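# A structural walkthrough
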Amino acid sequence: EDSQLRLVFIRFHSHIERFFEQEDQLMESCRFPDRNEHRSEHEQMLNEIRYLIQRIENGLYTLGHTYVRARLPQWFNTHVATMDDNLASYLSTNR
């Protein structure tokens, strides 16, 4: 429902921000060499979500719905297949 969309994005932002912070701490503690690039992708996602929250506050609900259906799955699939896979490989050989 459109009236709940802003709240959903706010909660999602809070959740994903905490998750990214934990992952960032892990990358820092193990001195992951690609951590800056990985963090940059996290920050990009958080910025996109903040932008969407602002747009939804202005009534652009369609933008939020489109983001959830198209951009969000694409970003996570790519991020997991590249950044997170690279991190997992590094951790499996350097822990």
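Residues numbered from 1 in each chain as written. Predicted model: local features only at pLDDT ≥ 70, side-chain atom pairs only at ≥ 80, totals over all residues. Heavy atoms only, no water.

### Things to note about unusual backbone geometry
For R31, which is not glycine, the phi dihedral falls at a positive 55°. Examined against the element boundaries, R31 turns out to sit in the loop between α1 (2–29) and α2 (35–57). (Helix = DSSP H or I, 4+ residues; strand = E, 2+ residues; numbered from the N terminus.)

### Details of the packing of α1 against α2
Contact pair α1 / α2: the axes reach a minimum separation of 10 Å and the direction vectors enclose 170°. Judged on the interaxial angle alone, α2 and α1 are roughly antiparallel. (Axes fitted to C-alpha atoms, helices over the stretch in contact; angles between N-to-C directions. Parallel < 35°, antiparallel > 145°, perpendicular 65-115°, else oblique.)

### Side note on the nonpolar core
Judged by nonpolar contacts, the single largest core of 13 residues is most densely connected at F9, I16, F20, M45, I49 and Y67. Counting residues per element, the ones that place at least two in this core are α1, α2 and α3 (61–93). Among the elements that make up this core, the one with the highest residue count is α2 (six residues). Residues contacting M45, with those up to four places away along its chain left out, are F20, Y67, L72 and W75. Within the second largest apolar cluster, six residues are counted, among which are M27, F32, Y90 and L91. (Core = buried A, V, L, I, M, F, W, Y, C linked by side-chain atoms within 4.5 Å. Buried < 20%, exposed > 50% of the residue type's maximum accessible area, 1.4 Å probe, protein only. Contact = heavy atoms within 4.5 Å.)

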